[in-house]
Protein chains: 2
Amino acid sequence: MSDKATIYDIAKKLNISAATVSRALNDHPKTSIKTKIRVQETALELGYEQNKLALALKSGRSNNIGVIVPRIDINFFGSIIRGIEDELYPKGYHIIICQTHDNEEKEIQNINALLNAQVDGIITSITKNTKSTTIFDRILEKNTPLIFVDRKLNLKGASSVTLNDFKGAYMATQHLIEQGCKRILHLTVLGHKSVEIYKHRLDGYTQALLDNNIPFDKNLIIETENDLEGGKKAGLKIMKFNESPDGIFSSSDFMLLGAIKEIKSHGVNIPEDIAVIGFSNEPFTKFMENPISSVDQCALDMGKLAARVFLEQINAPQLIKIEKNVVLAPKLKIRQSSLKKVICN
Amino acid sequence: MSDKATIYDIAKKLNISAATVSRALNDHPKTSIKTKIRVQETALELGYEQNKLALALKSGRSNNIGVIVPRIDINFFGSIIRGIEDELYPKGYHIIICQTHDNEEKEIQNINALLNAQVDGIITSITKNTKSTTIFDRILEKNTPLIFVDRKLNLKGASSVTLNDFKGAYMATQHLIEQGCKRILHLTVLGHKSVEIYKHRLDGYTQALLDNNIPFDKNLIIETENDLEGGKKAGLKIMKFNESPDGIFSSSDFMLLGAIKEIKSHGVNIPEDIAVIGFSNEPFTKFMENPISSVDQCALDMGKLAARVFLEQINAPQLIKIEKNVVLAPKLKIRQSSLKKVICN
DNA sequence: CTGTTAGCGCATTCAT
DNA sequence: ATGAATGCGCTAACAG
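The model shown is predicted, which means the values in this text are computed figures rather than measured ones.

So, how was this worked out
- Residues numbered from 1 in each chain as written.
- Chains lettered and ligands numbered in written order.
- Predicted model: local features only at pLDDT ≥ 70, side-chain atom pairs only at ≥ 80, totals over all residues.
- Heavy atoms only, no water.
- Helix = DSSP H or I, 4+ residues; strand = E, 2+ residues; numbered from the N terminus.
- Rg over C-alpha atoms; globule rule 2.2 N^0.38 Å.
- Buried < 20%, exposed > 50% of the residue type's maximum accessible area, 1.4 Å probe, protein only.
- Contact = heavy atoms within 4.5 Å.
- Areas by Shrake-Rupley, 256 points an atom, 1.4 Å probe, with all protein chains shown as cover.
- Lys, Arg positive; Asp, Glu negative; His and termini not counted.
- Charge placed at Lys NZ, Arg CZ, Asp CG, Glu CD.
- Disulfide = S-S within 2.5 Å.
- Pairing = 2+ DSSP bridges.
- Axes fitted to C-alpha atoms, helices over the stretch in contact; angles between N-to-C directions.
- UniProt positions renumbered as here; feature names shortened; annotations may be inferred.
- Salt bridge = Lys/Arg side-chain N within 4 Å of Asp/Glu carboxyl O.
- Polar contact = N/O pair within 3.5 Å; in protein donor to acceptor, adjacent residues only side chain to side chain.
- Near = heavy atom within 4 Å.
- Domains from an automatic or database assignment.
- Least-squares fit on C-alpha atoms with pLDDT ≥ 70 in both.
- Buried area = accessible area lost by both parts, 1.4 Å probe.
- Nonpolar A, V, L, I, M, F, W, Y, C, P; charged D, E, K, R; others polar.

(A) Focus on the overall build of chain A. Check the secondary structure of chain A and you find 13 helices and 12 strands. Radius of gyration (C-alpha) of chain A: 26 Å, far over the 20 Å computed for a compact globule of 345 residues. Seen along its three principal axes, the alpha-carbon backbone of chain A occupies a region of about 90 × 45 × 35 Å. For chain A, buried positions account for 54% of its 345 residues. A separation of at least 24 residues holds for 72% of the contacts in chain A among residues at least 6 apart in sequence. Counting only carbon and sulfur atoms, one obtains 52% of the accessible surface of chain A, whose full area is about 15800 Å². Between the averaged position of the 45 positive side-chain charges in chain A and that of its 40 negative side-chain charges there is a distance of 5 Å.

(B) Structural detail: the state of the cysteines. One pass over the structure, following the stated rule, counts zero disulfides over all chains. Unpaired in terms of disulfides, A:C98 finds its nearest cysteine sulfur in B:C98, a separation of 15 Å.

(C) Region of the structure containing the sheet that holds strand β8 (residues 247-250) of chain B. All names here are of chain B. Pairing is mixed in the open sheet, where six strands are placed in the order β7-β6-β8-β9-β10-β12. Among the strands making up the open sheet, the edge pair consists of β7 (221-224) and β12 (331-333). Going from strand to strand, the sheet's axes swing by 20° on average, the running direction of each strand aside. With respect to the sheet, helix α9 (residues 196-211) is in contact with β6 (184-189), β7, β8 and β9 (275-280), its orientation differing from that of β6 by roughly 170°.

(D) Representation of the UniProt feature "domain: HTH lacI-type" (unreviewed entry) in chain A in the model. Residues annotated by UniProt as "domain: HTH lacI-type" (unreviewed entry) correspond here to residues 5-59 of chain A. The span residues 5-59 of chain A carries 69% helix and 0% strand; its end-to-end C-alpha distance comes to 21 Å.

(E) Structural detail: the side chain of B:K152. Residues and elements named next belong to chain B. Looking at the element boundaries, K152 is found in the loop between β4 (146-149) and β5 (159-163). In this structure K152 is buried but unpaired, with E196 as the nearest side chain of opposite charge at 6.1 Å. A distance of 3.1 Å separates a polar atom in the side chain of K152 from a polar atom in the side chain of N154. Contact partners of K152, with chain neighbours within four places excluded, come to I126, S160, T162, E196 and N325.

(F) Examining the protein's contact with DNA strand C more closely. Taken together, 27 residues lie near DNA strand C, and A:T20, A:R23, A:K58, B:Y48 and B:Q50 sit nearest. In DNA strand C, atoms within 4 Å of the protein come from the sugar-phosphate backbone in 58% of cases. At a separation of 3.1 Å, a phosphate oxygen of DNA strand C approaches a polar backbone atom of A:S32. Contact distances for DNA strand C include 2.5 Å between a phosphate oxygen and a side-chain N or O atom of B:Y48. Of all elements in the fold, only α2 (18-25) and α4 (52-59) of chain A together with α1 (7-14), α2 (18-25) and α4 (52-59) of chain B reach the threshold of two or more residues within the surface near DNA strand C.

(G) Up close: the domain arrangement of chain A. Examined at the domain level, chain A breaks down into domain 1 (7-50), domain 2 (60-163 + 298-328) and domain 3 (165-297 + 332-344). In this structure, domain 1 of chain A and domain 3 of chain A have C-alpha centres spaced 65 Å apart.

(H) Examining the pairing of β7(B) more closely. Residue and element names in this part refer to chain B. Only one face of β7 is covered, namely the face carrying I222 and T224; the face carrying I221 and E223 is uncovered. Pairing between β6 and β7: four bridges, direction parallel. Looking at the pairing, T188 lines up with E223 of β7.

(I) Just the relation of the copies chain A and chain B, in detail. Superposing chain A onto chain B takes a rotation of 180° plus a shift of 0.1 Å along the axis, which leaves an RMSD of 0.1 Å. Viewed as a symmetry operation, the transformation between the two copies matches a two-fold axis. By residue overlap, the copies meet face to face through one surface: 100% of the interface positions of chain A are interface positions in chain B.

(J) Structural detail: the interface of chain A and chain B. Counting from both sides, the interface comprises 55 residues of chain A and, opposite them, 55 residues of chain B. With both chains or domains summed, chain A and chain B bury close to 4800 Å², and 52% of this area falls on carbon and sulfur atoms. Among the residues chain A hides against chain B, the three largest losses belong to A:L53, A:F287 and A:E289. Together they make up 15% of the total. Linking chain A to chain B there are 24 residue pairs in polar contact (both at pLDDT 80 or more). Counting residues per element, the ones that place at least two in the side of chain A that touches chain B are α4, α5 (75-88), β2 (94-99), α6 (104-116), α7 (134-141), α11 (253-265) and α12 (283-287) of chain A. Tallied by class, residues from the side of chain A that touches chain B come to 22 nonpolar, 17 polar and 16 charged. Where β2(A) and strand β2 (residues 94-99) of chain B come together, three bridges link them in antiparallel fashion. The residue of β2(B) that forms the bridge with A:I95 is B:I97.

(K) Geometry of the protein's contact with DNA strand D. Taken together, the neighbourhood of DNA strand D is formed by 27 residues, with A:I7, A:S22, A:Y48, B:T20 and B:K58 sitting nearest. Looking at DNA strand D alone, sugar and phosphate atoms form 61% of those within 4 Å of the protein. The backbone of A:I7 places a nitrogen or oxygen atom 2.8 Å from a phosphate oxygen of DNA strand D. B:T35 has a polar side-chain atom sitting 3.0 Å from a phosphate oxygen of DNA strand D. Listed by contribution, the elements that provide at least two residues to the surface near DNA strand D are α1 (7-14), α2 and α4 of chain A together with α2 and α4 of chain B.

If you want it as structure tokens, here you go:
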């Protein structure tokens, strides 16, 4: 019944104009307190609620922000979104979620749809397969704030919040070296050359070796699929080495888990024989009977920061274009899998 | 520059009326093919895109649907949302995400905000603390489709997609019995009486015992906090029993994991001494060195079904109100932790 | 302090 | 087949 009451309904009932009602509702300074009260009362009585759609059309601001991620049910992205929501909800923004499933075409569709829906900004993690930047240029042409999280494109006018993958890898490798490892193997993702983050992780690993005067050995780089099976394959390869590594730094927790399972099945002990550390701090790493060390990506913080960058941009004076590139330092989560030395927990 | 082209821009350029442009764009039957083509061409040229906001205001349909969950970064809810998105995106709907953090006040705020944003429907999992139904009644009064997922309220006019928790618990308990367990302990959540699902799980457990002529022993019910610590506490209690249980069915994987860690530290073997099975099929359960059996909640399916129920409601003729209550059968994920008998994997 | 007018962008009657 | 007019609900500019 109370399907929808508009300001006109209130106006009619009070024999005043809709404009006055609008002003009263918005607490406009030039309105008598009397009418304000009367309006508020009848608004309540009629169950009036502001239609944000009309407001959005009028103002050109929808108060919605689009968030596009590869998959929403991946813990990392879920946490990023949570960070964004936590930060933006109190400011009156709503979050519209889209998934690309790492499909560039879906990415383009999503962006177009969000733009048509008049979102006030877009926060996104690009596809693994994103080749073209034209769709992103369109966002910028429309003066819609664009913020990349984690997986980014280098575009003038776009902001970004990323993790210092190089540093994370460096820290992890350094940690293994400090544990006494001399022959550290690196597990990287097949086709990593096309994804910045894996390149950076490889570079961090290499640099750490260099800084510690450990020779780089290209035979100690194994490229495999980023899943359990890929890890197992890699583990098998490792078991066939003449000289086994004494440490593994993996660019992914999943690959590492596969490798661990395989290696253990050969009677090799972790961390005694081989100390290992992964990347991403997947939830399962800390729940294992023998918890796995990993590099935490601070997903929640990344989301929060991306949200703040958006707010800065949206609140900036018209003519000023803010472009901000935030790089977060990762955190090492040291657990049993990489501790050769005895340490009090 | 191409900030925004409207149908008026196209109309002006072609010296025709906006109405004609609108019709041409919508492939209206009573428009000459010639103009259709001309309009489409200049639309492309001008980079025209439909403003969904205006459309929404006009039509009263925003093509947005609100989804409210306790937390988006919990795997279960992430999967539900993914299911919803997968199903609704191809139909042109967008998903607006909100979190309650299990706070009833935030729940009310979220619903009001979504209603004001003119969403076409709301899919939600209620708070653990939801006491009042008035806010949900408001949704229904507005004739906005309301679909509960997993955690539901029994309201006339609202639909629901839930898991058969009773059956899941029954299956899990039955499985333990089949493994030869005689003294099966049940781990339930503190204050479970206020949340339907835990009650149902307890009931399923009880019924399975009954059906197998195993006496119910209230000392074998332990109530604890739903987290690792709570599980550890429970594990300690169990270790102090005069007569140890030989099986555990836990209403939560997290509690179970805590209990397992505690129990193992006392030298008790799993599954040999105590076979265990949890609930929810959390991702970590299958990644463990000794994978944990669990009841899968089919989150993805629940999301998809909820989306379909929404579509049915929204597409139903005006006067017909569809109320649908779907109950999904859970799936047992049997892994090492509950297999006393040797089975070929 | 309040009323009138107009417009955000679109689709839809009613004419023609 | 097309144009003119109207309204979705709201706010802002301009009068008064």
